[in-house]
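Chain and residue survey
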Amino acid sequence: MKNVITCCCATVLFSVLLSSCSYVANVRLLTGGEIRRTNYVEVIPFEYRKDLIVVQARLNGDMQEREFILDTGAFDSKVEKELADRLALDVIARKTNSTAQGISQSIEVVRIDSVGLGETTAYDIGAGKLTYAPSSASQCIAADGIIGANLMKLAHWKIDYESKKLHFSDGAFEAGSGAHSVSFDRPMLSGTPSIDIEIDGVDVDDVLFDVGYNGGLVLPMSLADRFDSPTVMTVLDKSTSGIFGTREDSLLVKELTVRLGEDRIRVPVSFSSVGKGLLGNDFLEHFEVIINYDTKTIHLDRREDVHVVAPRNFMVASEGDSLWVVNRTTRDLGLALGDTLRSVNGKTPVDLFSSFCDYFMNVDRLFDADDLVVERMDGTTLSITDKE
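Residues numbered from 1 in each chain as written. Predicted model: local features only at pLDDT ≥ 70, side-chain atom pairs only at ≥ 80, totals over all residues. Heavy atoms only, no water.

**Notes on the overall build of the protein**
Within the protein, the regular secondary structure consists of seven helices and 29 strands. Looking at the protein as a whole, 51% of its 388 residues qualify as buried. Put simply, 63% of the contacts in the protein that link residues at least 6 apart link residues at least 24 apart. (Helix = DSSP H or I, 4+ residues; strand = E, 2+ residues; numbered from the N terminus. Buried < 20%, exposed > 50% of the residue type's maximum accessible area, 1.4 Å probe, protein only. Contact = heavy atoms within 4.5 Å.)

**Brief notes about the pattern of salt bridges**
Between side chains of opposite charge, a pair can form when the charged atoms approach closely. In total, this model carries 20 salt bridges according to the counting rule given. Its salt-bridge partner being Arg66, residue Asp62 comes within 2.6 Å of it at the nearest N-O pair. Arg66 matches Asp62 in its accessibility class, with the two residues each being buried. A salt bridge links Lys129 to Glu108, with the shortest nitrogen-to-oxygen separation between them at 3.4 Å. Residue Lys129 is found in strand S9 (residues 120-130), and its partner Glu108 is found in strand S8 (residues 104-117); the two are separated by 21 residues along the sequence. Accessibility expressed as a relative area gives 27% for Glu108, which makes it partly exposed. (Salt bridge = Lys/Arg side-chain N within 4 Å of Asp/Glu carboxyl O.)

**Description of a negative patch on the surface**
There is a patch of like negative charges on the surface, built from Asp185, Asp196, Asp203, Asp205 and Asp206. The biggest single contributor to the negative patch is strand S15 (residues 202-209), with three residues. Structurally, Asp185 can be placed in strand S13 (residues 180-185). On the accessibility criterion, Asp185 (48% relative accessible area) is partly exposed. (Patch = residues over 30% accessible without salt bridge, like charges linked within 9 Å, V, L, I, M, F, W, Y side chains within 5 Å. Areas by Shrake-Rupley, 256 points an atom, 1.4 Å probe, with all protein chains shown as cover. Lys, Arg positive; Asp, Glu negative; His and termini not counted. Charge placed at Lys NZ, Arg CZ, Asp CG, Glu CD.)

**Points about the side chain of Thr330**
Within the secondary structure, Thr330 is located in the loop between strand S26 (323-329) and strand S27 (340-344). Polar side-chain contacts of Thr330 include one of 2.5 Å to the side chain of Asp332. (Polar contact = N/O pair within 3.5 Å; in protein donor to acceptor, adjacent residues only side chain to side chain.)

**Notes on the packing of aromatic side chains**
In the structure shown here, the tally under the stated rule is 10 aromatic pairs. Aromatic side chains Trp157 and Phe168 sit 4.8 Å apart centroid to centroid with 25° between the ring planes, which places their arrangement in the stacked category. Highlighted residues: Trp157 in strand S11 (residues 156-160) and Phe168 in strand S12 (residues 165-169), separated in sequence by 11 residues. Residue classification places Phe168 among the buried residues on the basis of a relative accessible area of 1%. Ring centres of Phe184 and Tyr293 lie 5.6 Å apart, and the angle between their planes is 85°; this geometry places the pair in the edge-to-face category. One end of the pair, Phe184, is in strand S13; the other, Tyr293, is in the loop between strand S23 (287-292) and strand S24 (297-302), and 109 residues separate them in sequence. Each of the two residues, Phe184 as well as Tyr293, counts as buried. (Phe/Tyr/Trp six-rings, centres within 6.5 Å; stacked < 30°, edge-to-face > 60°.)

**Description of the pairing of strand S16 (residues 217-220)**
Successive side chains on a regular strand alternate, one facing one side of the sheet and the next facing the other. Note: S16 against strand S21 (residues 263-272), four bridges, orientation parallel. Paired with Val218 across the bridge in S21 is Ser270. (Pairing = 2+ DSSP bridges.)

**Remarks on the nonpolar core**
Burial of nonpolar side chains together is a common tendency in soluble globular proteins. In this structure, Ile195, Phe209, Leu279 and Phe283 are the most contacted members of the largest nonpolar core, which totals 64 residues. Residues contacting Leu279, with those up to four places away along its chain left out, are Ile195, Ile197, Val207, Leu208, Phe209, Asp210, Tyr213, Gly216, Leu217, Leu260 and Leu284. Counting residues in hydrophobic clusters, the runner-up holds 34 residues, among them Leu52, Leu130, Leu372 and Leu382. (Core = buried A, V, L, I, M, F, W, Y, C linked by side-chain atoms within 4.5 Å.)

**Some points on the environment of Glu304**
One can find Glu304 in the loop between S24 and strand S25 (315-319). Relative accessible area serves as the criterion here: at 42%, Glu304 is assigned to the partly exposed category. For the pair Glu304 and His286, spaced 18 residues apart in sequence, the C-alpha to C-alpha distance is 5.7 Å. In contact with Glu304, not counting residues within four places along its chain, are Glu285 and His286.

**Topic: the state of the cysteines**
Applying the stated criterion across every chain, the model contains one disulfide. The disulfide partner of Cys140 is Cys357, and the S-S distance across this bridge is 2.1 Å. The S-S bond linking Cys140 to Cys357 shows a torsion near -80°; that makes this disulfide left-handed. You can see Cys140 sitting in helix H3 (residues 138-141) and its partner Cys357 sitting in helix H7 (residues 356-361), a full 217 residues away along the chain. (Disulfide = S-S within 2.5 Å.)

And the structure:
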């Protein structure tokens, strides 16, 4: 018995030491990134796909441009596993990575010697070695990975959604006279900005300013009762996807007035049982955004009226080629999450989409008509009015 206990203690001690060494290695990597260029202003174009910013970047000596999602909400960058292996990126550590969907996985962390964005290069960048879940929509947006906040903290940024231009520099960008300013906090080792927002006169803390989220404003469900406005919609959802796939959630939606600086905007706000607090591109795309990492200030210069889309009340995903599965619904529709359907408007998945990514990028094909007719497995039908 004594030998067993000793052996177990040695195993635990060895595991703790490995974990500690991995943590120290990851910390060194996160603190070691740099841009050596000075007195520069870089401007690169981006593509705006499904309300996410996709940029081209070159890794190490590879001259081929790769596609990455720009993501202020990602603590560190990510590089797709097969690409990381092809480039023989050194594994430095392991860490647990969590997504906005509340899904966590242990992943390897690699060192990227250089990341080229336009004419500017960032050196010694840590990145998680990413294996996308089959249900991850991120792989359809940019298959090669994510430019995260551990790289973004090395510069100042201006995002011009209107012209689809990304500016970054070692000097701060000047905000326009009409811009509203919001201060942010960030962790020591990365640049993920969290802001405080006043909503219907209530102060809400620690909302992630997340250009890697294509929705509007979502807050933890625990805050919903602090607002007297009536509930517009309650949605059961398993359609929201991150790098590690989907997770069941419930959303409650209220129309509320958001104050950022002196700007006041009324939008639908979702409250999530997953507990996330995010401000994303469906809101931010109506502004020119400047992020100053020296003063920890975000400047928002509104360019147009803000229109944020409320969640749909119904959504399906493909279940193979011939069936649909309900992945968003409301309690009054008479359909539950996971219910299988024969057809939507007489169509099966193979009639409309050639692959998962074709489905994700072109799901609006399902909603060409104002009303949807779904056929259950028993042959009965149900008419659904599409609501956003």
